[in-house]
Every structure is written in structure tokens, then in C-alpha cells.
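Results of the structural survey
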Amino acid sequence: MLEDALGYIVRELSRQENVKPRTKKRYESIFINYLKWLEEIDERDFISESSVQFLDGNVRKVRNSIVHGKPLDVVHDGYEITDTGIVISDKYVWEICMSIDSLAWRI
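The notes below deal with the structure included here. (Residues numbered from 1 in each chain as written. Predicted model: local features only at pLDDT ≥ 70, side-chain atom pairs only at ≥ 80, totals over all residues. Heavy atoms only, no water.)

Quick notes on the packing of helix H2 (residues 30-42) against helix H3 (residues 50-68)
Two elements in contact, H2 and H3, have axes separated by 10 Å at closest approach and are oriented at 150°. It follows from the interaxial angle that H2 and H3 lie roughly antiparallel. Contacts between H2 and H3 pair Phe31, Ile32 and Leu35 from the former with Val52, Leu55 and Asp56 from the latter. A per-class count over the contact of H2 with H3 returns 5 nonpolar, no polar and 1 charged. (Axes fitted to C-alpha atoms, helices over the stretch in contact; angles between N-to-C directions. Helix = DSSP H or I, 4+ residues; strand = E, 2+ residues; numbered from the N terminus. Parallel < 35°, antiparallel > 145°, perpendicular 65-115°, else oblique. Contact = heavy atoms within 4.5 Å. Nonpolar A, V, L, I, M, F, W, Y, C, P; charged D, E, K, R; others polar.)

Some thoughts on helix H1 (residues 2-17)
Taking 1.5 Å as the rise per residue, H1 with 16 residues should run 22 Å; its terminal C-alpha atoms sit 22 Å apart, in good agreement. Listing the buried residues of H1 in full gives Leu6, Gly7, Val10 and Ser14. In a view along the axis of H1, the buried residues occupy a sector of 105°, so they form one face of it. Among the exposed residues of H1, those oriented more than 90 degrees off its buried face are Asp4, Tyr8 and Arg15. Contact partners of the buried residues in H1: H2. Count one or two residues on from H1 and you reach Asn18, which has phi positive near 55°. (Expected span 1.5 Å × (residues − 1). Buried < 20%, exposed > 50% of the residue type's maximum accessible area, 1.4 Å probe, protein only. Arc of directions from axis to C-beta.)

So, a nonpolar patch on the surface
Together, Ile66, Val67, Ile88 and Val93 make up an exposed nonpolar region whose accessible area comes to about 330 Å². With respect to the helices, strands and loops of the structure, Ile88 is situated in strand E2 (residues 85-88). (Patch = residues over 30% accessible without salt bridge, like charges linked within 9 Å, V, L, I, M, F, W, Y side chains within 5 Å. Areas by Shrake-Rupley, 256 points an atom, 1.4 Å probe, with all protein chains shown as cover. Salt bridge = Lys/Arg side-chain N within 4 Å of Asp/Glu carboxyl O.)

With respect to the nonpolar core
In terms of nonpolar packing, the biggest core is built from 22 residues, with Val10, Phe31, Leu35, Tyr92 and Leu103 touching the most fellow members. Elements with a minimum of two residues in this core: H1, H2, H3 and helix H4 (90-106). Sorting elements by how many residues they give to this core places H2 first, with 7 residues. Residue contacts for Phe31: discarding those within four places in its chain leaves Leu2, Glu3, Leu6, Val52, Leu55, Asp56 and Leu103. (Core = buried A, V, L, I, M, F, W, Y, C linked by side-chain atoms within 4.5 Å.)

Given below as C-alpha cells:
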């Protein structure tokens, strides 16, 4: 949902500002592509934000592990990997919400 909402915002701003869409680089996440596209439109730095680093470097990887069955190669104290899957704590969900909120205020 985050990527969908961000994609809508970036496409709409691009249309309003008459900015050509940015081409996604190979192996680049859609999330980072949208933020780089937004940086080109708005001339502000989003990629270096700690909330962006957490969402892309941790949350996206957990999501991909759950959805696509990829091995999880990041560690966070907010979740535990068990034999049956990933147990996510309320603390981790709160950190995700606060990171999204922080990014939303910047946008």
C-alpha cells in the first residue's frame, strides 16, 4: 500500500510539473525508484532519511520474505524467525507506522 500511494503521488506531481517519469534501475526497489523520482521533481533529499533506510532496508525485505518465500537476510529485534514463519511484534509494527508517518510529513 505504501508503494501504491507513493506511486500515485509521484505520478500526479510529475503530471503537474510536466516531469518525465524516471526509469527504474535494475535491482532497484520500486519504493526507492519512486523516492528518487520525487527527489528529481522536488529537489529534496529523501533517500538518506532514517525512516527510508528502515523501510527499504528492513521492512521491504521482511515483506519480500513473507510474500515470496525469500530467505531473510536482515536482523531486527522486532521480529523472530521460527520454524513456521516470522513472528512480528507490536513494537516492530509501531516502528513501521512511525517511519511511514515521518516520511509522509516530509513529503
